[in-house]
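# Coordinate inspection notes
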Amino acid sequence: MAENPQLQFIWDAISAKVKAAISIFSYNTFFEPIKPIDIVNRCIVLKCPSESTAQTIMNHHADILREAISSCGGGVSGFKLVVDGSDIYTLESTDGHSAFHPVPLNKNYTFSSFVVSAGTKFVYAAAKAVADNPGESFNPLFIYGESGLGKTHLMQAIANEIKQKHPEKRVLYTTCDNFLNEFIDTMISGKINTRDKSAQFRAHYSNVDVLMIDDIQFLAKKPGTQEEFFHTFNELFAQNKQIVLTSDKPPKEIATLEERLRTRFEGGLIIDIQPPDPETKIAILRQKALERKCPMPDDVLEFLASNSGHDVRTLEGRLTKVIFASKLHEEPISLNLAKLALSESVSETEEKEDITYKTVIDAVCSYYKQKREDLLGKGKKAELVKARQICAYLMCDMLSLPLVSIGNYLGGRDHTTIMYSRDKVQELLKLNDRIAKEVDDIKNIILKQ
């Protein structure tokens, strides 16, 4: 088609709006090479140089492009893409096989629900400062500490606060495990060449205002992924975009982490999160009990907080056992009931030999009428995923097994996947009475075998 000045004028106005809404890297990589070639049924037809460019725009920039078209007017209401050398348009929809799978935020992880103690007041203040003014201070913010102390809670509190106070900002929260899996999925997907795949992956993570990655220590020993993250980090940092990372150890102690990444992590604020003291444990338990609408006497809270280690998740587990025992025995919560609940838990898990990971898997499969091979497989149907997550939660709650072992028993899944499933079900138990009843029913099946 011959060059059309009016068509080019319309596209220049649209592309200027897009340029203002995304990163320079993303614009130069995916929109600069585009040529407008026609208007068909009020849709501007855009020619892309490659399939990867078209797919990236459809998967990650379609909403921005539609918004730009809408704001510019000019008689255009939509767009179609065509790959150079092809007459087949890519319509305004994705094929459902994107390599990118967002990790949902837990709306209950807020600053108001985080119990501040002497060991967490500094990290709490830093997190609040980042949420109030993302990109302006403490960049990157690197939070480290042992598992179960509240790193994920604080990180998601930052994300939830930014979304509320700065709705115009694009916030991307993910886990390092998810980041690694998306990189692998991108590299092995479709027929796009490796260079375009790398650009597609990098653009997905660069086109945000706030990037948050949980458990960044798992990036170690993955040189290819470290390379991609290095460039993504630089792109965001150069634009004063906020980066928040968590780890179980400080950067200098992460083995096989590239020196160039280590120095960038250390260029921001590195702050640790300390275990709760006895008073904080009681405060945490009191708040968790109220969230679950099960207020408890002070002597029960003190008993649960004693000899419980310093993992907040262990505290929640002890609380869950008491609430479950109250429902099971149909008795009000008391100190005697709490002692009975924890002693029953110990005797059932340590002395009753027939309660094993196989017992839990069989009980879950029977209850939800799922085949064992499907539960351990890769199926993504909603009911199957729910059953698998509840199975992971029950194995964490009822058996003294490492997360890695549970992952192996559940079809060779990564321990971070088990951790995510456990935490998700824990939150569902507080919010969804039907799920709580189903979990109680399955526990009854297991304990009465």
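Nothing here was measured: the structure is a model prediction, and the numbers come from that model.

Our focus in this paragraph is the nonpolar core. Counting 29 residues, the largest nonpolar core has Val360, Val364, Cys391, Leu394, Met395, Leu410 and Ile442 as the members making the most contacts within it. Among the secondary structure elements, those contributing two or more residues to this core are helix 14 (357-368), helix 16 (382-398), helix 17 (403-409), helix 18 (415-431) and helix 19 (433-447). Once you skip the residues sitting within four places of it in the chain, leucine 394 turns out to touch Val360, Val364, Leu399, Val439, Ile442 and Lys443. Ile14, Tyr27, Phe31 and Leu65 belong to the second largest nonpolar core, which has 27 residues in total.

This next bit is on the packing of aromatic side chains. Within this structure, the stated rule accounts for eleven aromatic pairs. Summarising the aromatic geometry, the rings of phenylalanine 142 and phenylalanine 265 are spaced 5.6 Å apart at their centres and angled 40 degrees between planes, so their arrangement reads as tilted. Placement of the pair is phenylalanine 142 in strand 5 (residues 141-144) and phenylalanine 265 in helix 9 (residues 259-265), with a sequence separation of 123 residues. The class for phenylalanine 265 is buried, based on a relative accessible area of 0%. On the numbers, 5.8 Å between centres and 90 degrees between planes, the contact of phenylalanine 179 with phenylalanine 229 is edge-to-face. Taken as a pair, phenylalanine 179 in helix 6 (residues 176-188) and phenylalanine 229 in helix 8 (residues 223-238) lie far apart in primary sequence, 50 residues in all. Like phenylalanine 229, phenylalanine 179 is buried. Ring pairing ties together the aromatic residues Phe142, Phe179, Phe229, Phe233, Phe237 and Phe265, which thus form one cluster.

Another point: the pattern of salt bridges. Taken as a whole, this structure holds 19 salt bridges when the rule is applied. Aspartate 209 is the salt-bridge partner of arginine 170, the closest N and O atoms lying 3.4 Å from each other. Residue arginine 170 is located in the loop between helix 5 (151-165) and strand 6 (171-175), and its partner aspartate 209 is located in the loop between helix 7 (194-206) and strand 7 (210-214); the two are separated by 39 residues in the primary sequence. Looking at arginine 170, the relative accessible area reads 26%, which means it is partly exposed. What makes aspartate 209 buried here is its relative accessible area of 12%. Among the salt bridges present, the one from arginine 260 reaches glutamate 227, with a minimum N-O distance of 2.4 Å. Taken together, the positions of arginine 260 in helix 9 and glutamate 227 in helix 8 put the pair 33 residues apart, joining distant regions of the chain. Judged by its relative accessible area of 30%, glutamate 227 is partly exposed. Here the salt bridges share partners, and the residues they tie into one network are Lys128, Asp132, Glu161 and Lys165.

Calculation criteria
Residues numbered from 1 in each chain as written. Predicted model: local features only at pLDDT ≥ 70, side-chain atom pairs only at ≥ 80, totals over all residues. Heavy atoms only, no water. Core = buried A, V, L, I, M, F, W, Y, C linked by side-chain atoms within 4.5 Å. Buried < 20%, exposed > 50% of the residue type's maximum accessible area, 1.4 Å probe, protein only. Helix = DSSP H or I, 4+ residues; strand = E, 2+ residues; numbered from the N terminus. Contact = heavy atoms within 4.5 Å. Phe/Tyr/Trp six-rings, centres within 6.5 Å; stacked < 30°, edge-to-face > 60°. Salt bridge = Lys/Arg side-chain N within 4 Å of Asp/Glu carboxyl O.

Read these as spatial facts, not as claims about activity.
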